[in-house]
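Read off the chains here:
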Amino acid sequence: MEAPEIYNMPGHYIRRLHQISVSVFADRVARAGHALTPVQFAAISAIASNPGIDQATLSGLIAYDRVTIGGVIDRLEQKGLVRREISERDRRAKVLHLTEIGLDEFEQVKVVVQSLQREVLSGLTPEEQETLLQLMRKAAEAGNKLSRAPLRQPLA
């Protein structure tokens, strides 16, 4: 049997690594007694780092479209992890904060997520993992403008 042409395409391996990453994330987080998806974790991580951030800025910080982020925040709010408040600067806008429960959940899940990172690339040496991370970062930065949900990094 001949190998499919996709075996020579980076998109195939990017998709496969994403599948592996999501699978390991879901398994380890659930095993630790938590119920968060990768995008929910990304959202609470960004909110923890930027209390009072608005949804539009959050979507840019984690490179998700605004509609998706709206649903993510709805679910996090239903879980009691996030609260929305009316912005003091713009009464039409809502800003996001982690609740005490949300901050506690973030701190607990962060440890799990940090520990599974090397597992996702377990077939590589630590040096290869670092090289791959640098190359993925470089490729993602170069292609950012092609994304429907570009990453918008905070101003220093």
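Check the entry above for the structure.
Note that the coordinates shown come from a computational prediction; the quantities given were computed from them, not determined experimentally. (Residues numbered from 1 in each chain as written. Predicted model: local features only at pLDDT ≥ 70, side-chain atom pairs only at ≥ 80, totals over all residues. Heavy atoms only, no water.)

### Focus on the sheet that holds strand β1 (residues 53-54)
Thinking step 1. Pairing is antiparallel across the open sheet formed by three strands, whose spatial order is β1-β3-β2. For this open sheet the edge positions go to β1 and β2 (82-86), each flanked by a neighbour on one side alone.
Thinking step 2. The strands touched by helix α2 (residues 38-49) within the sheet are β1, β2 and β3 (94-98), with β3 carrying the most contacts at an inclination of about 95 degrees. (Pairing = 2+ DSSP bridges. Helix = DSSP H or I, 4+ residues; strand = E, 2+ residues; numbered from the N terminus. Contact = heavy atoms within 4.5 Å. Axes fitted to C-alpha atoms, helices over the stretch in contact; angles between N-to-C directions.)

### Things to note about the pattern of salt bridges
Thinking step 1. On inspection of all chains with the given rule, the structure shows eight salt bridges.
Thinking step 2. Note that Arg 84 and Glu 77 form a salt bridge whose closest N and O atoms lie 2.9 Å from each other.
Thinking step 3. For Glu 77, a relative accessible area of 32% gives the class partly exposed.
Thinking step 4. Note that Arg 92 is salt-bridged to Asp 90, the shortest N-O span being 3.1 Å.
Thinking step 5. For Arg 92, a relative accessible area of 76% puts it in the exposed group. (Salt bridge = Lys/Arg side-chain N within 4 Å of Asp/Glu carboxyl O. Buried < 20%, exposed > 50% of the residue type's maximum accessible area, 1.4 Å probe, protein only.)

### Examining a nonpolar patch on the surface
Thinking step 1. Taken together, Ile 6, Tyr 7, Met 9 and Tyr 13 make up a surface patch of nonpolar side chains, about 370 Å² in accessible area.
Thinking step 2. Here Met 9 lies in the segment before α1 (10-31). (Patch = residues over 30% accessible without salt bridge, like charges linked within 9 Å, V, L, I, M, F, W, Y side chains within 5 Å. Areas by Shrake-Rupley, 256 points an atom, 1.4 Å probe, with all protein chains shown as cover.)

### Some words on helix α4 (residues 66-78)
Thinking step 1. Taking 1.5 Å per residue, 13 residues should reach 18 Å; α4 reaches 18 Å between its end C-alpha atoms and fits that length.
Thinking step 2. Buried within α4 are the following residues: Ile 69, Gly 70, Gly 71, Val 72, Ile 73 and Leu 76.
Thinking step 3. Packed against the buried residues of α4 are α2, α3 (55-62), β2 and β3.
Thinking step 4. The distance from a side-chain oxygen at the start of α4 to the backbone nitrogen of Val 67 is 3.2 Å, and the residue carrying that oxygen is Asp 65.
Thinking step 5. Among the residues trailing α4, Gly 80 stands out with phi positive, at a value near 80 degrees. (Expected span 1.5 Å × (residues − 1). Polar contact = N/O pair within 3.5 Å; in protein donor to acceptor, adjacent residues only side chain to side chain.)

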